[in-house]
Amino acid sequence: MVNDIQNNLIKKESIFGPDNYKPLPVVLSKAKGVWAWDVNEKKYLDMMSGYSAVSHGHAHPELLRVFHEQSSKLSLTSRAFYTDTLGPYLETITKMSGFEMCLPMNSGAEAVETAIKSSRRWAYRTKGVEPGKAEIIVAEGNFHGRTTTIISFSSDENSKDDFGPHTPGFITVKYGCSKSIETAINKNTAAVLIEPIQGEGGIIVPPDNYLNEVREICTKHNVLMLLDEIQSGLGRTGKLFAYQHSCGDCNCDVGCNEDQPKESKPDGLILGKALGGGFMPVSCFLTSKEVMQWMDPGSHGSTFGGNPLAAALAKRSLELLVEEDLIENSRAMGDYFKECLLSMNSKIIKEIRGKGLWLGVEIDPNYVSGKELSKMCLEAGILCKETHETTIRYAPPLVITKEELDWGIEKIKAVFSKITS
Ligand SMILES: Cc1ncc(COP(=O)(O)O)c(C=O)c1O
């Protein structure tokens, strides 16, 4: 229950800040691993993970060490100078991902903007699209961030209402339908931009062969295939990248390399969230030299993008995914979690979607709303939140152990039973 201490802090947020979020009524003050505590020392299992940004768990000891060490040595220089951390980070991320080049940014939305700008330049300067005519195909129900250009192609009216005029040059097609992409392509099409699994859209998993078909269509029409893996990437779905679920018999654990089948490897990949190890905003756009060649001096940049602290943290965050087997843990714990939820046989659960430790539980609103269910989970010691009114997202840090997950499953079970009893 919210007491006076919490109430005062909650009030301060809405007196001095706008209500552009609707947080659950809890005031958190510390966290470690998969656990978080509120100001009254009540303990919660974090199944939200900062919208999937805290994959390594809170205050991971190795990342904390890097954070302390690097910030006491060199944290911010701007890109006016070279640093001794950026090159090694770029080398690590390009090798792991199998892309030739990486352009570092901070927030996810900035990395999406970078992908849009890069692919438009490629369209004009390499493909030969007429000046000012480039188009990008996007999917219905997408979520790619909050900038004025990105909201221009959102299908969520509330996120774009009265923020116009909107940026032209985006064509929206049905998600999961490759045919509609092919129909929308014309001589001005620069790129197709999609999420391999739609996260904020409600953990929507497209048909199995969707990405392979999109890959084929993009290649056939000389259009860039861009995947936004800001939320789905870096182990969240039980593969390094979610698109690798459609990569045939790939046994590669750490990303694409030359020997790997490439049926769904995109031309550009957008990463963020967990790249910062839960410490700070770190994002990037990965692509080929052919596309990146046009991002020349003065074309694009960011004061903070690629800063020494971010570079050191991101490099170590990537390495830890492999060293600590977090990708495999996500797959194994995710499968186990899904099985346990299914075996509850709860009348409330209509469907469970998702892969790895990224599950969307579709609930029957006749029993409970998503908002009410999130609140009940909170009372029971589980941090989670609805995405859309009837989908509850469970996405604990990828470091979660079976014992910790069992603790959470027992609590969730009790909440579901209480609703139907
Ligand atoms: C798929 C996807 N793209 C982009 C973003 C935007 O990232 P950020 O909030 O860091 O700008 C998000 C955030 O949830 C996301 O899930």
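In what follows, the structure referred to is the one given above.
What you see is a predicted model; the values in this text were computed from it and never measured. (Residues numbered from 1 in each chain as written. Predicted model: local features only at pLDDT ≥ 70, side-chain atom pairs only at ≥ 80, totals over all residues. Heavy atoms only, no water.)

Enquirer: Looking at this structure, how should I read the site of the ligand?
Expert: Around the ligand, the neighbouring residues are Ser-107, Gly-108, Ala-109, Phe-143, His-144, Gly-145, Glu-195, Glu-200, Asp-228, Ile-230, Gln-231 and Lys-273. Contacts to the ligand include Gly-108, whose backbone N or O atom sits 2.8 Å from an oxygen atom. Within the contact set of the ligand, a nitrogen atom lies 2.6 Å away from a side-chain nitrogen or oxygen of Asp-228. Taken together, the residues of the shell around the ligand sort by class into 3 nonpolar, 5 polar and 4 charged. (Near = heavy atom within 4 Å. Polar contact = N/O pair within 3.5 Å; in protein donor to acceptor, adjacent residues only side chain to side chain. Nonpolar A, V, L, I, M, F, W, Y, C, P; charged D, E, K, R; others polar.)

Enquirer: Even after reading the chapter, I still don't get the nonpolar core, so can you show me in this structure?
Expert: One broad rule of soluble globular proteins: the nonpolar side chains tend to lie buried together. Core analysis: the largest hydrophobic core is formed by 81 residues, its most contacted members being Tyr-89, Leu-275, Phe-337 and Tyr-394. Per-element accounting of this core gives the leading share, 9 residues, to helix α11 (residues 308-323). A domain split of this core shows at least three residues from each of domain 1 (4-58 + 326-420) and domain 2 (74-323). Here Tyr-394 is in contact with Met-47, Phe-337, Leu-357, Trp-358, Leu-359, Val-361, Cys-377, Ile-382, Cys-384, Ile-412 and Phe-416, once residues within four sequence places are set aside. Core analysis: the next-biggest nonpolar cluster, separate from the first, contains 27 residues, Ala-115, Ala-123, Ile-150 and Leu-224 among them. (Core = buried A, V, L, I, M, F, W, Y, C linked by side-chain atoms within 4.5 Å. Buried < 20%, exposed > 50% of the residue type's maximum accessible area, 1.4 Å probe, protein only. Helix = DSSP H or I, 4+ residues; strand = E, 2+ residues; numbered from the N terminus. Domains from an automatic or database assignment. Contact = heavy atoms within 4.5 Å.)

Enquirer: Hey, could you run me through the packing of aromatic side chains in this one?
Expert: Remark: the centre distance and the inter-plane angle together describe each pair of aromatic rings, the angle taken between the planes. In total, this model carries 6 aromatic pairs according to the counting rule given. When the centroid spacing of 5.5 Å and the interplanar angle of 75° are considered together, the rings of Tyr-175 and Tyr-210 count as edge-to-face. Taken together, the residues span a long stretch of sequence, with Tyr-175 in the loop between β6 (170-173) and α8 (178-184) and Tyr-210 in helix α9 (residues 210-221) at a distance of 35 residues. Exposure class is identical for Tyr-175 and Tyr-210. Each is buried. On the numbers, 6.0 Å between centres and 10° between planes, the contact of Phe-241 with Tyr-243 is stacked. (Phe/Tyr/Trp six-rings, centres within 6.5 Å; stacked < 30°, edge-to-face > 60°.)

Such coordinate-based values are descriptive only and should not be taken to indicate function.
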